[in-house]
Structure formats: C-alpha cells, structure tokens
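Observations on the model geometry
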Amino acid sequence: MDNRQAVGSWLSGPRAAMEEAGADFGYRGEQLGLPEEGPGSIARPGRRLGALAVDWGLCLLIAYGLITHGYSQATGNWALLVFFVLGVLTVGTVGSTPGKRLFGLRVVALGSGRIQPLRALLRTFLLCLAIPPLVWDRDGRGLHDRLAGTVEVRIQG
C-alpha cells in the first residue's frame, strides 16, 4: 500500500477501508430484516433531517405565536417542550410526526412494528438531548432508536 492509498483510506473512513480490504457489510437494515429499497427500508439521513427541520420549525412557530407572543430568550425552550410533546403524542399514536409524514417516514418498533407510548416517550426524550441522534450504528439508526428498540423507515417508495 503506497502513501496515497493510506491517506485515501483515512479520508474515506474505516468502513470504506474495510470494504476495500474485502469485508462485506451488506446494506443498511439487512441485519434488522428490512428491505434494501422502497417501503419498509431504513430512512435515509436527508429525509430524516428534512423531517426534523419541518417539525422544529412548526414547534418554533407554535412557541413564537401562541406561548411567548413574539421572540424572546424563552422561545427556544418552549419550542423544545412543544417538540417533546409533539413527538410523544404523534409517534406514540400514529408513528410519525407531521414532518415525518410529509417526508414519507414512520417510526416502528423492532419485532412488533407498533410503537408503545413508553417507547415513544424514551425515544423523544433521548432525541431532545441532541447527542444520542448524532451517534449512529452501521444500519444508520441513532442511539435514541437503538435504546428505544425502534427504527425509522420509509412508507413511500
């Protein structure tokens, strides 16, 4: 291996270096028994971030217009509380928030498929902490999903 390959493997990450060495990781969601493409497959990061942005914007709008009656330092805190309540109620009942529904996503429990309210509460609490969603496994699930036993999947092709 020459220097360019060594630097290139460092820049592309350990997964790419292992794949180049012959390791087969499969596709995201294969270990969970999910399809590679289409409905039921693991949600891609772009869709997940888009749904999160829509939900956060909606919560900011609610906090701005209905609670703080204009922008103040407390608006962000109220928006986080509204985000928490929105997540627990909507994910715990129908499996998706308005942003997730807009982007064609749904949260399901591994095994049963249906989210129980306690799982939705745990998942949303961890999501509000902001660090657990930034730690991903090789299937693309955040730590908040792993600890709650859930996965975010596509409901549209």
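On to the environment of glycine 46, then. As for its placement among the helices and strands, glycine 46 is situated in helix 3 (residues 45-67). In this structure glycine 46 comes out as exposed when scored by relative accessible area, which is 52%. Each C-alpha atom of the pair glycine 46 and phenylalanine 103 lies 9.8 Å from the other, and the pair is 57 residues apart in sequence.

Here the focus is the packing of helix 4 (residues 75-93) against helix 6 (residues 117-129). Running from N to C, helix 4 and helix 6 point in directions that differ by 150 degrees, and their axes come no closer than 8 Å. In terms of orientation, helix 4 and helix 6 fall into the roughly antiparallel class. Viewed along their axes, helix 4 and helix 6 form a crossing whose handedness is right-handed. For the pair helix 4 and helix 6, the contacting residues are Leu80, Phe83, Phe84, Gly87, Val88, Val91 and Gly92 in the first and Pro117, Ala120, Leu121, Thr124, Phe125, Leu127 and Cys128 in the second. Of the residues assigned to the contact of helix 4 with helix 6, the class counts are 11 nonpolar, 3 polar and no charged.

Glancing now at the pairing of strand 1 (residues 105-109). Here strand 1 lies mainly inside the structure; 4 of its 5 residues are buried. When strand 1 meets strand 2 (residues 150-154), the two strands line up antiparallel, connected through 5 bridges. Its bridge partner lying in strand 2, leucine 105 is registered against arginine 154.

Rules used throughout
Residues numbered from 1 in each chain as written. Predicted model: local features only at pLDDT ≥ 70, side-chain atom pairs only at ≥ 80, totals over all residues. Heavy atoms only, no water. Helix = DSSP H or I, 4+ residues; strand = E, 2+ residues; numbered from the N terminus. Buried < 20%, exposed > 50% of the residue type's maximum accessible area, 1.4 Å probe, protein only. Axes fitted to C-alpha atoms, helices over the stretch in contact; angles between N-to-C directions. Parallel < 35°, antiparallel > 145°, perpendicular 65-115°, else oblique. Left-handed = near helix turned anticlockwise from the far one by under 90°. Contact = heavy atoms within 4.5 Å. Nonpolar A, V, L, I, M, F, W, Y, C, P; charged D, E, K, R; others polar. Pairing = 2+ DSSP bridges.

No statement about biological role is implied by the geometric values presented.
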